[in-house]
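A structural walkthrough
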Amino acid sequence: MNSSRNIAALVLLVIAFASRFIPHVPNFTPILAISLFGGVYFTDKRVAILLPLSAMLMSDLIKGFHDLIPVVYGMFALFAYVGTRIRENLSVGTVALAGLAGALSFYLVTNFFVWLTSGMYSLDLSGLLTCYVAAIPFFKNFLIGTAVYMPILFGGFYLLEKTGVVKARQEV
């Protein structure tokens, strides 16, 4: 990727990261969008994966740490990897599907670990279902946040390419 693309991608990511510190409803975050975007637009997989993890670490240093950090960080690393996989078939549909699948899998996996480790729920099917139901408002906010930030990042970068601010991706 040429340097103007790197700079433009980093600027969009910094803006999205900074939005984590603007007052917002719980779980209305850009991190899933950042993870997928980094995976798509940074050709070095290490950078693509380390980017959302660094964003999470920097914000957790300020906001505070929690018990599910390994699970949450693992999910965002996975989403960055998914971004690297959809790079060659990039379309509105693949981005939307990746965002929806990412939000749903994040909800299912992280809340499974909340149920398993928090002590807040009985460790049976009833407790698991209660945990998932209790998390629906957070899932809704996460899904809406993803739906807001995905078009900002991907659409913003697309517009930068179309207007010539950054050089369009070379087809291989």
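Every chain is numbered on its own, with residues counted from 1 as its sequence reads. Side-chain atom pairs in this predicted model are given and counted only at pLDDT of 80 or more, local residue features only at pLDDT of at least 70, and totals for whole chains, interfaces and linings cover all residues. Hydrogen atoms and water are omitted, and side-chain values are computed over all heavy atoms in the structure.

1. Thoughts on the pattern of salt bridges
Opposite charge on two side chains makes pairing possible when the charged atoms of those side chains draw close. We define a salt bridge as a contact between a side-chain nitrogen of Lys or Arg and a carboxyl oxygen of Asp or Glu at a distance within 4 Å. Counted under the stated rule, the structure contains one salt bridge. Across the salt bridge formed by Asp-44 and Arg-46, the nearest N and O atoms sit 3.0 Å from each other. For every residue, the accessible area (1.4 Å probe, protein chains only) is compared with the maximum for its type, and the residue is labelled buried under 20%, exposed over 50%, or partly exposed between those bounds. Note on Arg-46: relative accessible area 61%, which makes it exposed.

2. Structural notes on the packing of helix α6 (residues 125-134) against helix α7 (residues 136-162)
An axis is simply a line fitted to the C-alpha atoms; with a helix, the fit covers only the stretch in contact. Between two such axes, the angle follows the N-to-C directions and lies from 0 to 180 degrees. Comment: elements are numbered from the N terminus, with helices defined as DSSP H or I runs of at least four residues and strands as E runs of at least two. Where α6 meets α7, the axes come as close as 5 Å, and the angle between the chain directions of the two elements is 45 degrees. In terms of axis orientation, α6 runs oblique to α7. In this structure, α6 uses Tyr-132, Val-133 and Ala-134 to contact α7, whose residues at the interface are Ile-136, Pro-137 and Phe-138. To sort the angles, those under 35 degrees are grouped as roughly parallel, those over 145 as roughly antiparallel, those from 65 to 115 as roughly perpendicular, and the leftovers as oblique. Contacts were defined at the residue level, with two residues in contact if any of their heavy atoms lie within 4.5 Å.

3. Here's the deal with helix α4 (residues 69-86)
Between its first and last C-alpha, α4 extends 26 Å over 18 residues, near the 26 Å set by a 1.5 Å rise per residue. Within α4 the residues assigned to the buried category are Ile-69, Val-71, Val-72, Tyr-73, Met-75, Phe-76, Ala-77, Phe-79, Ala-80, Gly-83, Thr-84 and Ile-86. The elements touched by buried residues of α4 are α2 (31-41), α3 (45-63), α5 (92-117) and α7. To estimate the expected span of a helix, subtract one from its residue number and multiply by 1.5 Å.

4. Topic: the nonpolar core
Membership of the largest hydrophobic core comes to 46 residues, with the highest contact counts inside it found for Phe-37, Phe-76 and Phe-154. Elements that contribute at least two residues to this core include exactly α1 (3-18), α2, α3, α4, α5, α6 and α7. The dominant element in this core, judged by the number of residues it contributes, is α4, at nine residues. Not counting chain neighbours up to four residues away, the residues in contact with Phe-154 comprise Ala-33, Leu-36, Phe-37, Val-40, Tyr-41, Leu-90 and Val-95. We define a nonpolar core as any set of buried Ala, Val, Leu, Ile, Met, Phe, Trp, Tyr and Cys residues linked to one another through side-chain atoms lying within 4.5 Å.

5. Topic: the UniProt feature "transmembrane region" (unreviewed entry) in the protein chain
Sites flagged by UniProt as "transmembrane region" (unreviewed entry) map to residues 65-84, 90-109 and 142-160. Along residues 90-109 one finds 90% helix and 0% strand; the C-alpha atoms at either end are 26 Å apart. UniProt positions are given in the numbering used here, feature names are shortened, and annotations may be inferred rather than shown by experiment.

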